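# Fold and contact review
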Amino acid sequence: MLRLRANAVAKFKSHVFGGEKRVSVRAAISSGSRKYSTESPLPESADVVIIGGGSAGCNTLYQLAKRGVRAVLLEKSKLTAGTTWHTAGLVWRLRPNDVEIRLLAATRDLLMSLEEETGHNSGWINNGGLFISHSPERLDEYSRLATLGKCFGIESHIIGPEQAQKLFPALDPSSFTGALYSPGDGVVDPAMMCTALTKGATANGGRVIEDCTVSQIITGENLLGMKDVRGVMTNKGTIRTNTVVNATGVWGRDLIEPLGVFLPLIPMKHAYVVSETMDTIHQMLPNVRDHDFSLYFRIQGKSICMGGYENNPILLNRVPGDFHFGLYDLDYSVFDTHIQGAVKLCPAFGTAGIKSTICGPESFTPDHKPLMGPDPTVSGLFHSVGYNSAGMMLGGGCAEQLAQWIINDRPERHMFAYDVRRFTPKQKKALNWATERSHEAYTKNYSIVFPHDEPLAGRNFTVDPFHKQMIQYGAVMEERHGWERPGYFLPDETVVVQPYDWYGYYDHPKNANTHYEEALKGDYTFGFSEHHDLIGEEALTCRHDAALFNLSYFCKLFLTGSQAKEAAEWIFTANLDKPINKTIYTCALNKQGGVEGDVTVSIVESGLGGLHDPIFKGRGYYIVAGGASAYHTKCHILSAIQEKAFRAVVSDHTEELGVLSLQGPKSREILQKITDFDLSNDQLLPMNSTAILTIKINPHYSCNVRVLRVSFVGELGYELHIPEESCNDVYNALMKAGYKESLRNAGYRALYSLSSEKGYHLWGSDLRSDDTPIEANLGFVCRKEGDYQGKAIVDRQREHGVSRRLAFFTLREQVPIWGLEAVYRDGEIVGHLRRGEYGYTLQKPIGQAYVTRSDGSPITSQFLQSGHYQIEVMGKLYDADCHQRSPFDPKGQRMLGIYQ
């Protein structure tokens, strides 16, 4: 790696968004080993044009060329000249997410095989890694990582301070309490890696053109009025192409904003220092990550490269376009916190001296995850930016998925956490929101990942019509998809999320009101939450009396038009040839048969012009989907309509309709008090149907709402979809009507417990885009007649079986589970929990996992029922019972109003 030898480092005097002083480095990066075109003419056309010659671009070129795609990489300077050249290059194997573990494994496998393939050393060094712990909670987190790693064959060990010191003698064992050792971790040299990747790519027909600046992405408009890519304009000419990959790193926003495309991408200064040589250091010592001190050690020869994530990073507005191989002076007033921690952990570091400092721009995002995949507003434009200083370790795995995305329309893995469509257009345009959230994500990068933590930044971005009433009733709010939603309710308390105080930095005073933060601390555990019993009261009230859930952030769409029927039948798996007002639960699949969304679709006719009852021609479809993936669901539907050129329109009423879900044995009795509609007549409003009801607010005023008789918790219940102007009145009327029946508000913590207990799916957890309906036990929602996207896969699996299948588990002991715990059958790991909850009615911990057969044979009922199952929680095995479906109300009697 190229190093700077700085004589003296001046402190910045500029404000957080002020002007930048920079040091430019014009050194040759392995120039003798690379020969790329700078003068030859551009190709007239290409299948794919990749803009940006860093890790993301080089990895993408390699993966596309390997698959026979005519791909061209354009770099405005030299390869790695942006942010890649100065990266630390750490590669870890363990993350608290199964998809990320697979992505890291793909990168590592590629790094280990590149030299044999290309004849060029990839710069990979397998020196291992140590995670340092200073608290029991941190060691619990490491135990969870180690358990999940076992599911993927990753060796790791929880060790004591003395054992850690044997692996890294310069550590002070008295300064920490334990560690996680992962011998398969390592480090990579970015310049060597990119050289090996591009050598492999060009051998397969890929092209690299340096000193080629793209000035414009040329777009047109397709037959349905959507922008699409037609080519790129550069200082060397124009290339015709229908596919462009934006891999421009910290410049990721610059080229696309003229197209009306926005990304929540925030540049910041990120730094590390390189020590003088140290006698106790050598290259094969493990890299170190001390999450509690928020710092890392990367071994470079006989030196330590030390960096971390501080609470007051220097935020940048934009990075100059010609900032090639550039660095900033290091501001020690910002960086000093890392030096203090490093000296505590490794006293010898404090006396070694600093040889050089590396402070460069990096791009960060609101959730500290990359921005990838197809842009929903410009067909043919893909993104691969915002790697949050993790581009080396994620680059290979992400590029492999992006190549599949481009070629096959979808990646192999469930990439929603990286998919640019996880952010709404409103979020992507809101620079202040993105800056706040990216700052907090940066500062909390090394924080413990508790199951129910919540951000403090960017809150109250989107609130529903019931928000003030939720707060008045004691709601402790959660944030999903930019929306506020109630997590649970603290009786007789008011918990208000405060404006972001930037942790007291940048001249912002810290908030005096910390009530919300104190409530969050009750969940800072891997044991049962301090709010466990309170959430249980909400859940059991729903089972015994009635509970009111605010589902307003759910996605609410109307599909209409002359070919709405054809579009619905192609997009959705279930039989939608049903009478008007019938509501159907169904899936929407991708071309590989994976579930892109599970929704309810109500067959509706033209109404009177209300938001809940619009006017249209012909048959319409009212689609309701989960809120956390609302925009993704909408984009999937629109994409299918675009691809098939259906004459159909999707109208989004998500922000205009509030939703209250009244659930429980007394729900009919409560709702009947405020409507003249005969709810007892199942011919008028049977299970899984919809109707327009008139709600009596008072003797002089009433309003119309759409009611769906559906349940996400397995009880008799009704969803009221209410025009915004009537929301508060309907809420108050319901609470008044339900007072004597013990009606209470309930939040999403109770909702998810109840739904899991019933065995219902939660998209993104136990149902994902890499799961098929047959694997997820949802074959019953897939019709056998007609055609729909992904049907060929479903039909094949229905006929031949599947080698993995979703199963439901209950633990025999009172041990909290959260997901990611390993599942054993007869002593062999067969999967991991995708989801963990507590079933308050069953009085047991419950979870869902996909059980896999190692021999690839089909999973049968006999196989699932015959084994002895155990769940590994924090390194300890607990006996568990496996069920093919939840033991709670298996016949579904309660939803019919049959209570015994």
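An unreviewed UniProt entry lists the chain under the name Sarcosine dehydrogenase, mitochondrial, from Anopheles epiroticus.

### Remarks on the overall build of the chain
What the chain contains, in helices and strands, is 20 helices and 42 strands. Radius of gyration (C-alpha) of the chain: 28 Å, near the 29 Å computed for a compact globule of 900 residues. Based on the C-alpha atoms only, the size of the chain along its principal axes is roughly 85 × 65 × 60 Å. Burial status across the chain gives 62% buried among its 900 residues. Pairs at least 24 apart in sequence give 73% of the contacts found in the chain among residues at least 6 apart. Total accessible area computed for the chain in this model is approximately 33100 Å², and 49% of it derives from carbon and sulfur atoms. Side chains of the chain carry 92 positive and 101 negative charges; the gap between the two charge centres is 4 Å.

### What to know about the UniProt feature "domain: FAD dependent oxidoreductase" (unreviewed entry) in the chain
In this numbering, the UniProt entry assigns the feature "domain: FAD dependent oxidoreductase" (unreviewed entry) to residues 47-405. Secondary structure content for residues 47-405 is 28% helix and 29% strand, while the C-alpha to C-alpha distance between its ends is 14 Å.

### What to know about the sheet that holds strand 2 (residues 48-51)
Taken in spatial order, the 6 strands make up an open sheet running 10-3-2-14-23-21, and their pairing is mixed. Two strands bound the open sheet, and with one partner strand each, they are strand 10 (207-209) and strand 21 (371-374). If you compare each strand with its neighbour and ignore which way they point, the axes differ by 20° on average. As judged from the 3 bridges shared by strand 3 (residues 71-74) and strand 10, these two strands associate in the parallel manner. Counterpart to leucine 73 in the pairing with strand 10 is valine 208. Against the sheet, helix 1 (residues 55-66) touches strand 2, strand 3, strand 10, strand 14 (244-246) and strand 23 (381-385), its axis set at about 165° to strand 3. On top of the sheet, helix 8 (residues 391-408) reaches strand 2, strand 14, strand 21 and strand 23; it is set at about 20° to strand 21, its chief contact.

### So, the packing of helix 1 against helix 8
Remark: helix 1 packs on helix 8, axes separated minimally by 8 Å, with the N-to-C direction vectors making an angle of 45°. In terms of orientation, helix 1 and helix 8 fall into the oblique class. Along this stretch, helix 1 crosses helix 8, giving a crossing that reads as right-handed. In contact with Ser55, Asn59, Thr60, Gln63 and Leu64 of helix 1, helix 8 contributes Gly391, Met392, Gly395, Gly396, Ala399, Glu400, Leu402, Ala403, Ile406 and Ile407. Taken together, the residues that form the contact of helix 1 with helix 8 break down as 7 nonpolar, 7 polar and 1 charged.

### Things to note about the domain arrangement of the chain
For the chain, the assigned domains are domain 1 (48-84 + 191-264 + 368-418), domain 2 (129-182 + 267-359), domain 3 (426-525) and domain 4 (753-883). In this structure, domain 2 and domain 4 have C-alpha centres spaced 38 Å apart. On the domain 4 side, the residues contacting the 8 residues of domain 2 number 12 residues. Interface of domain 2 and domain 4: buried area, both sides summed, is about 860 Å²; carbon and sulfur atoms make up 65% of it. Summed over the shared surface of domain 2 and domain 4, the result is 2 salt bridges.

### Some thoughts on a negative patch on the surface
Taken together, the side chains of Glu655, Glu656, Glu724 and Glu725 make up a negatively charged region of the molecular surface. Structurally, the position occupied by glutamate 724 is in the loop between strand 35 (717-723) and helix 17 (727-737). Glutamate 724 gets classed as partly exposed once you look at its relative accessible area, which sits at 44%.

### Here we look at the pattern of salt bridges
Enumeration according to the criterion identifies 49 salt bridges in this entry. Residues arginine 480 and glutamate 454 are paired through a salt bridge, measuring 2.9 Å at the closest nitrogen-oxygen approach. Note that arginine 480 is positioned in strand 24 (residues 475-480) and glutamate 454 in the loop between helix 10 (431-443) and helix 11 (467-472), a separation of 26 residues in sequence. Its relative accessible area of 24% is what places arginine 480 among the partly exposed residues. With its nearest N and O atoms 2.9 Å apart, the salt bridge here joins aspartate 523 to arginine 749. Highlighted residues: aspartate 523 in the loop between helix 12 (515-521) and helix 13 (532-544) and arginine 749 in helix 18 (residues 748-758), separated in sequence by 226 residues. Of the two residues, aspartate 523 and arginine 749, both sit in the buried class. The structure contains a network of salt bridges with shared partners spanning Asp98, Arg102, Arg768 and Asp770.

### Examining the sheet that holds strand 7 (residues 157-159)
Across the sheet, 8 strands lie side by side as 7-8-6-16-17-18-15-20; this open sheet has mixed pairing. The open sheet has two edge strands, strand 7 and strand 20 (354-364), and neither has a second partner. Each strand axis lies, on average, 20° off the axis of its neighbour in the sheet, ignoring direction. Bridge analysis of strand 16 (residues 287-290) against strand 17 (residues 295-300) gives 3 bridges, and the strand direction is antiparallel. Paired with aspartate 290 across the two strands is leucine 295, which belongs to strand 17. Most of the contacts of helix 3 (residues 136-150) go to strand 6 (residues 129-133), to which it runs at about 145°, and overall it touches strand 6, strand 7, strand 8 (178-182) and strand 16.

### Considerations on the nonpolar core
The biggest cluster of nonpolar side chains holds 177 residues, and the ones touching the most others in it are Leu74, Leu720 and Leu734. Looking at this core element by element, the count peaks at 8 residues for helix 8. Ile159, Phe168, Ala271 and Leu345 belong to the second largest nonpolar core, which has 35 residues in total.

### Here we look at the packing of helix 14 (residues 564-571) against helix 15 (residues 630-644)
Relative to each other, helix 14 and helix 15 sit at 115°, their axes nearing to 10 Å. Crossing of helix 14 against helix 15: the hand is right-handed. Residues Ala567, Trp570 and Ile571 of helix 14 pack against Ile637, Ala640, Ile641 and Lys644 of helix 15.

### Considering helix 6 (residues 332-345)
In this model, helix 6 (14 residues) spans 19 Å end to end at C-alpha, consistent with the 20 Å of a helix rising 1.5 Å per residue. Against strand 6, strand 15 (266-275), strand 16, strand 17, strand 18 (303-308) and helix 7 (349-352) lie the buried residues of helix 6.

### As for unusual backbone geometry
The backbone of histidine 481 shows a phi angle near 60°, a positive value even though the residue is not glycine. Position of histidine 481 among the secondary structure elements: in the loop between strand 24 and strand 25 (483-489). Histidine 481 gets classed as buried once you look at its relative accessible area, which sits at 10%. Even without a glycine there, the phi angle at asparagine 581 is positive, about 80°. Here asparagine 581 lies in the loop between helix 14 and strand 28 (583-589). What makes asparagine 581 partly exposed here is its relative accessible area of 31%.

### So, the environment of threonine 424
For threonine 424, the position within the fold is in the loop between helix 8 and helix 9 (425-429). Spatially, the C-alpha atom of threonine 424 lies 9.7 Å from that of serine 629, the residues being 205 residues apart in sequence. Apart from the residues within four sequence positions on either side, threonine 424 is in contact with His481 and Tyr631.

### As for the pairing of strand 3
Judged by which residues are buried, strand 3 turns out to be covered on both faces: Ala71 and Leu73 on one side and Val72 and Leu74 on the other are all buried. Here 4 bridges tie strand 2 to strand 3, and the two strands are oriented parallel to one another. The partner of isoleucine 51 across the bridge, within strand 3, is leucine 74. Regarding the hand of the β-α-β motif, the stretch spanning strand 2, helix 1 and strand 3 is right-handed.

### Focus on the confidence of the model for the chain
This prediction gives the chain a mean pLDDT of 94; 96% of its residues lie at or above 70. Low pLDDT, under 50, characterises residues 1-33; the stretch is placed with 84 contacts to residues that sit more than four places away or in other chains.

### Notes on the environment of proline 455
Looking at where proline 455 falls in the secondary structure, it is placed in the loop between helix 10 and helix 11. Judged by its relative accessible area of 16%, proline 455 is buried. When the C-alpha atoms of proline 455 and arginine 480 are compared, they prove to be 10.0 Å apart, with 25 residues separating the residues in sequence. Non-local contacts of proline 455, meaning those with residues more than four positions away in its chain, are made with Arg437, Glu440, Glu479 and Tyr516.

Cut-offs used in this document
- For every chain, the first residue of the written sequence is number 1, and numbering continues from 1 onward in sequence order.
- Note on the predicted model: pLDDT of at least 70 is required for a residue's local features to be given, and 80 or more for side-chain atom pairs to be given and counted; whole-chain, interface and lining totals, by contrast, use all residues.
- Based on all heavy atoms of the structure, the side-chain values leave hydrogens and waters out of the count.
- Under the scheme used here, helices are H or I runs from DSSP no shorter than 4 residues and strands are E runs no shorter than 2 residues, and both carry numbers assigned from the N terminus.
- Note that the radius of gyration is over C-alpha atoms, with the globule rule given as 2.2 Å times the number of residues to the power 0.38.
- The cut-offs for exposure are 20% and 50% of the maximum accessible area for each residue type, with area from a 1.4 Å probe on protein chains only; residues under the lower value are buried, those over the upper are exposed, and the others partly exposed.
- Whether two residues are in contact is decided by their heavy atoms, any of which lying within 4.5 Å being enough.
- Surface accessibility in these figures is a Shrake-Rupley result with a 1.4 Å probe; residues are shielded only by whichever protein chains are displayed.
- Neither His nor the chain termini are counted; the positive set is Lys and Arg, and the negative set is Asp and Glu.
- We put the charge of a Lys on NZ, of an Arg on CZ, of an Asp on CG and of a Glu on CD.
- UniProt positions are given in the numbering used here, feature names are shortened, and annotations may be inferred rather than shown by experiment.
- Here the rule is simple: two strands pair whenever DSSP picks up at least two bridges between them.
- Angles here are taken between N-to-C directions and fall from 0 to 180 degrees, while the axes themselves are lines fitted to C-alpha atoms, restricted in helices to the stretch in contact.
- We call two directions roughly parallel when the angle between them is under 35 degrees, roughly antiparallel when it is over 145, roughly perpendicular when it lies between 65 and 115, and oblique otherwise.
- Here a crossing is called left-handed whenever its near helix is offset anticlockwise from the far helix by less than a right angle, and right-handed whenever the offset is clockwise.
- Three classes are used: nonpolar for Ala, Val, Leu, Ile, Met, Phe, Trp, Tyr, Cys and Pro, charged for Asp, Glu, Lys and Arg, and polar for all others, with Gly counted as polar.
- What counts as a domain boundary in this text is fixed by an automatic or database domain assignment.
- Here's the idea: put two parts together, see how much 1.4 Å probe accessible area each one loses, and the total over both is what we call buried area.
- Here, a salt bridge means any side-chain nitrogen of Lys or Arg that lies within 4 Å of a carboxyl oxygen of Asp or Glu.
- Grouping into patches uses exposed residues only, defined as over 30% relative accessible area, and leaves out salt-bridged ones; the cut-off is 9 Å for like charges and 5 Å for nonpolar side chains (Val, Leu, Ile, Met, Phe, Trp, Tyr).
- Think of a nonpolar core as a cluster: buried Ala, Val, Leu, Ile, Met, Phe, Trp, Tyr and Cys residues, connected wherever their side-chain atoms sit within 4.5 Å.
- By this rule the span expected of a helix is its residue count minus one, scaled by 1.5 Å.
- By convention, a crossover is right-handed whenever its connection, traced from the first strand over the helix to the second and viewed with the strands pointing away, goes clockwise.
- For every residue, the predictor assigns a confidence score, pLDDT, that lies between 0 and 100.

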